[in-house]
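Architecture at a glance
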Amino acid sequence: MTLDSTLPEASPVEAGARPDLTTLIVYFGALIAMFMATIDMQIVVTALPTIAGELGNLHLFGWVGAAYLLSTAAVAPFYGKLGDMYGRKNVVLTAITLFLLGSLVCGTAWSMESLIAARVLQGIGGGGLMVSAFAMIGELFSPRDRAKYQGYSSAVFALSSVLGPLAGGYITSLFGWRWVFLVNLPIGIVVLAVLAFAMRGRFNEKKHRIDYLGGLLLAIGTTAIVYWGYHVLDPAGPDVLTFVLPVLALAAIASFIMVERWAQEPIVPLRLFGNSTVRIVSGVSVVAGSVTLGMFFYFALYMQTLTGLSPAKVGFLFLPASLTSMVISILAGRVIAATGRYKWMPVVAMGIGGLLMIGFIFITSHTPIWVLAVMMGLFGISMGLQFQVLIVAIQAAAPLQDIGAVTSLITQARTIGASLGLALNGAVMTWALNRQTSELPADAAARLPEGLTGLSPHLAASLPDAVRDAVLSHYSSAFNVMFIWVAVLYFVAMALTLLLEDIQIPKRG
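In what follows, the accompanying structure is described. Every value quoted in this text rests on a predicted model; they were computed, and no experiment measured them. (Residues numbered from 1 in each chain as written. Predicted model: local features only at pLDDT ≥ 70, side-chain atom pairs only at ≥ 80, totals over all residues. Heavy atoms only, no water.)

**Brief notes about the overall build of the chain**
- When helices and strands are counted, the chain shows 21 helices and zero strands.
- With 509 residues in all, the chain has 54% of them scored as buried.
- Within the chain, counting contacts between residues at least 6 apart in sequence, those at least 24 apart form 82% of the total.
- When the accessible surface of the chain is totalled, it reaches about 20900 Å², and 70% of it is carbon and sulfur. (Helix = DSSP H or I, 4+ residues; strand = E, 2+ residues; numbered from the N terminus. Buried < 20%, exposed > 50% of the residue type's maximum accessible area, 1.4 Å probe, protein only. Contact = heavy atoms within 4.5 Å. Areas by Shrake-Rupley, 256 points an atom, 1.4 Å probe, with all protein chains shown as cover.)

If you want it as structure tokens, here you go:
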């Protein structure tokens, strides 16, 4: 591929044209890099009990996951903007290096505190991998063909969600938990070498002024929001941080907007929000993150408690969601590549999601397992019709020089949405559980000293049949309140997507 000094690392392939070998190598390198970053969000879940057993400090184990998510969200805007200014190659190679260094330190951690610190370093690299991978695809292909190739990337994202917990469990059992992190090293080194040789660096004589202050304020605001999402779920209950963090987030974001107005090269150009597609997609992405990524934990808890299945068997109920999400993502990408139309997809996705949440209201402890599997498959269809479609939409609305900025914007919006979903959905559920606890029969209440909020799958399975049916009926009623709440959010997102312009993406960039 012939490149000159004024172009990004790859000139977009003309719509319908067959990509050359160099483009495909860079593309597959980007997919593998993204796979490493996304699977590390989930792979640690099944290894955590073993890790906590060896390193101690069980009360800190939740931070092993939270530290990665926090650092990923905080650095995303920097990677997007730096890639726009200096080229994607140096940025992605730096991200891979930091990710591998973090993986190495994770694998050799000597305490829970050192593991959490290493996860921060790993997340700083992982955030760059995700943003850079999507941005590289946006630069490699023409606007119409981006949909097809972003569809494959969304399939990779769905695959990592399935393989993460399974791989973490098997690796921990066979080789020990440290290899959950160390396995990244040989794969990452190969990807690092491939991209170093296959990508061409962009030579840019223009001197840039990096908007450090704007990036720092945005990182503070995002981190405060994400941390608040985890903090409000602390079983110890609300404390001063519960009220301070939202204020800090609002102050940081307000200051960020003021700084961006006069920054010479803003990390997130506010002019992008002059485009209605960017505004709407950003808002929809926050809601979408809360009703999809923010619901996985509650689905697992609900189905395991209600059905009495083991965690492994409940894990297999998520398989239909991942498979349908993969297939629909690929098909949606091909449809957009052929027609250039995408608006109907997120509209249908949100409609399916809303109706599905209403459907969950009718689930009981006697519902056949196959019905749950079908419903999770529908959940996957909803995800497949929105995630990569929204990326295609926002990238098509932005000029090529801002691909990284808008990609980091939607990545950050989803992360914030997932965090808010965990917090707000959990708050609604807890309120409903406490209310249902007061309505429990006396014999059932006597067996639940902590009320329904303390009901675990193991405790539910140990109850006598008559008591268990009564307890699960009230438990299900409490979850129904949350499902109605989430259904409302889905329909709000649907209304927002209806505001999108029904444009046709041009074949040429």
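Now that the structure has been shown, the text picks up again.
**Remarks on the packing of aromatic side chains**
- Considering all chains together, one arrives at seven aromatic pairs under this definition.
- Each ring, one from phenylalanine 479 and one from phenylalanine 483, has its centre 6.2 Å from the other, and the planes form 45°; the classification is tilted. Linking phenylalanine 479 with phenylalanine 483, this pair stays in helix H21 (residues 465–498), spanning four residues, or about one helical turn. Summarising the burial analysis for this pair, phenylalanine 479 and phenylalanine 483 share the class buried. (Phe/Tyr/Trp six-rings, centres within 6.5 Å; stacked < 30°, edge-to-face > 60°.)

**Overview of the pattern of salt bridges**
- The final tally for this structure, using the stated rule, is three salt bridges.
- One salt bridge in this structure joins glutamate 54 and arginine 178, with 3.3 Å as the shortest N-O distance. Highlighted residues: glutamate 54 in helix H2 (residues 48–55) and arginine 178 in the loop between helix H6 (143–175) and helix H7 (179–182), separated in sequence by 124 residues.
- Residue classification places glutamate 54 among the partly exposed residues on the basis of a relative accessible area of 47%.
- Taking the shortest distance from any N to any O, the salt bridge between arginine 341 and aspartate 502 comes out at 3.9 Å. One end of the pair, arginine 341, is in the loop between helix H14 (319–339) and helix H15 (344–360); the other, aspartate 502, is in the segment after H21, with 161 residues separating them in the sequence. (Salt bridge = Lys/Arg side-chain N within 4 Å of Asp/Glu carboxyl O.)

**Quick look at the nonpolar core**
- With 112 residues, the main nonpolar core has Phe299, Met357 and Phe360 as its most contacted residues.
- For this core, the element with the most residues is H21, which contributes 13 residues.
- For phenylalanine 360, the contacting residues outside a window of four places in its chain are Phe299, Tyr302, Met375, Met376, Asn480 and Phe483.
- Ile39, Ile43, Leu55 and Ala109 belong to the second largest nonpolar core, which has 19 residues in total. (Core = buried A, V, L, I, M, F, W, Y, C linked by side-chain atoms within 4.5 Å.)

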